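Each chain is listed here by its residues.
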Amino acid sequence: DTAVSQTPKYLVTQMGNDKSIKCEQNLGHDTMYWYKQDSKKFLKIMFSYNNKELIINETVPNRFSPKSPDKAHLNLHINSLELGDSAVYFCASLRSGANVLTFGAGSRLTVL
Amino acid sequence: AQRVTQPEKLLSVFKGAPVELKCNYSYSGSPELFWYVQYSRQRLQLLLRHISRESIKGFTADLNKGETSFHLKKPFAQEEDSAMYYCALIQDEKLTFGTGTRLTIIP
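Residues numbered from 1 in each chain as written. Chains lettered and ligands numbered in written order. Predicted model: local features only at pLDDT ≥ 70, side-chain atom pairs only at ≥ 80, totals over all residues. Heavy atoms only, no water.

Participant: An account of the side chain of A:D85 is requested, with residue identities and associated values reported.
Facilitator: Residues and elements named next belong to chain A. Checked against the element boundaries, D85 lands in the loop between β8 (73–78) and β9 (87–94). Separated by 2.8 Å, the side chains of D85 and R63 make a polar contact. Among the polar contacts made by the side chain of D85, one reaches the main-chain amide nitrogen of E82 at a distance of 2.8 Å. Excluding residues within four positions of it along the chain, D85 makes contact with K36, R63, F64, I78, S80, L109 and V111. (Helix = DSSP H or I, 4+ residues; strand = E, 2+ residues; numbered from the N terminus. Polar contact = N/O pair within 3.5 Å; in protein donor to acceptor, adjacent residues only side chain to side chain. Contact = heavy atoms within 4.5 Å.)

Here is the structure:
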């Protein structure tokens, strides 16, 4: 029943590893996002997809690669993880015209 | 470019006292502004948006275009109001957040 669900909720991994976070929304929204919340609680947009097409790509290292297999899913793959990648990653979706984002519960990534 | 500023990182208020969380924005056009709230260990959720002009959980926010502000107010703080509050502005389906204010209500 959860509108925007992310997995895993927690992820602890070593530097240099590659990991993925998955996001799914069952709201029928067309646009999905990834946001990063750092240790100071700053929230920064990373990517946005509309109907599987990339529309926002902020200044993010190319180690981060989003993938949208269909409009209900937006996954985030991170290569060669670094300590500074430790953060909470939030997925969100938007119904066009409504301008209100619905957020997932977040995925806390810890890089050791 | 759009920008949202929340000057207070931390704000502590006694229970029952009035609360005001400040938000200023810069945007060339007609902005659409929001307040989002994140309670401890919960997901970010919409608190209110300026176009609906409603009061949610006793909070209100008025858009002041002259001062480019969208301050969040509540006349009497409650303990359950303790949370992170983010002011946000949307343009072309891109939601930009301020740096957030952590509100702590002192019993």
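Participant: Can you lay out unusual backbone geometry for me, pointing to particular residues and giving the numbers?
Facilitator: Most peptide bonds adopt trans geometry, and most residues besides glycine take a negative phi value. Residue A:P8 is bonded to the preceding A:T7 through a cis peptide linkage, with omega at -5 degrees. When you line up the elements, A:P8 lands in the loop between β1 (4–7) and β2 (10–13). Even without being a glycine, A:K52 presents a positive backbone phi close to 75 degrees. Turning to its location among the elements, A:K52 is positioned in the loop between β5 (43–50) and β6 (53–57). In the Ramachandran plot, B:R41 falls in the positive-phi region, its phi being about 60 degrees despite a non-glycine side chain.

Participant: Explain the environment of B:R49 residue by residue, including any values.
Facilitator: Mapped onto the fold, B:R49 is located in strand β6 (residues 45–49). For B:R49, a relative accessible area of 18% puts it in the buried group. As for B:R49 and B:Q91, which are separated by 42 residues in sequence, their C-alpha atoms are 14 Å apart. Apart from residues lying up to four places away in sequence, B:R49 is in contact with A:A98, A:N99, A:V100, B:E32, B:L33, B:F34 and B:F70. (Buried < 20%, exposed > 50% of the residue type's maximum accessible area, 1.4 Å probe, protein only.)

Participant: Give me the lowdown on the interface of chain B and chain A, citing residues and values where you can.
Facilitator: Facing 17 residues of chain B, the contacting portion of chain A comprises 24 residues. Counting each side, the surface lost to burial between chain B and chain A is near 1800 Å², with a carbon and sulfur contribution of 54%. A per-residue breakdown of the area chain B buries against chain A is headed by B:R43, B:E93 and B:K94, which together make up 35% of the total. Put simply, chain B and chain A have one salt bridge between them. The residue A:E58 makes a salt bridge to B:K94 at a minimum N-O spacing of 3.1 Å. Taken together, chain B and chain A are joined by eleven residue pairs in polar contact (both at pLDDT 80 or more). Looking at the side of chain B that touches chain A, the elements with two or more residues in it are β5 (32–38), β6, β9 (83–91) and β10 (94–97) of chain B. Tallying contributions element by element places β5(B) first for the side of chain B that touches chain A, with four residues. Residues belonging to the side of chain B that touches chain A are distributed by class as follows: nine nonpolar, two polar and six charged. (Buried area = accessible area lost by both parts, 1.4 Å probe. Salt bridge = Lys/Arg side-chain N within 4 Å of Asp/Glu carboxyl O. Nonpolar A, V, L, I, M, F, W, Y, C, P; charged D, E, K, R; others polar.)

Participant: Kindly report on the pattern of salt bridges, identifying the contributing residues and their values.
Facilitator: Residue and element names in this part refer to chain B. Applying the stated criterion to the full structure yields nine salt bridges over all chains. The shortest N-O distance in the salt bridge between K22 and E20 comes to 3.3 Å. The class for K22 is partly exposed, based on a relative accessible area of 30%.

Participant: Describe the sheet that holds strand β7 (residues 60–61) of chain B, and please don't skip the residues or the numbers.
Facilitator: Residues and elements named next belong to chain B. If you trace the three strands from one edge of the open sheet to the other, you get β3-β8-β7, paired in antiparallel fashion. Two strands lie at the open edges of the sheet, namely β3 (19–21) and β7, each paired on one side alone. In this structure, β3 lies alongside strand β8 (residues 72–74), joined through three bridges in antiparallel fashion. Residue E20 lies in a different strand from β8, and its bridge partner there is K73. (Pairing = 2+ DSSP bridges.)

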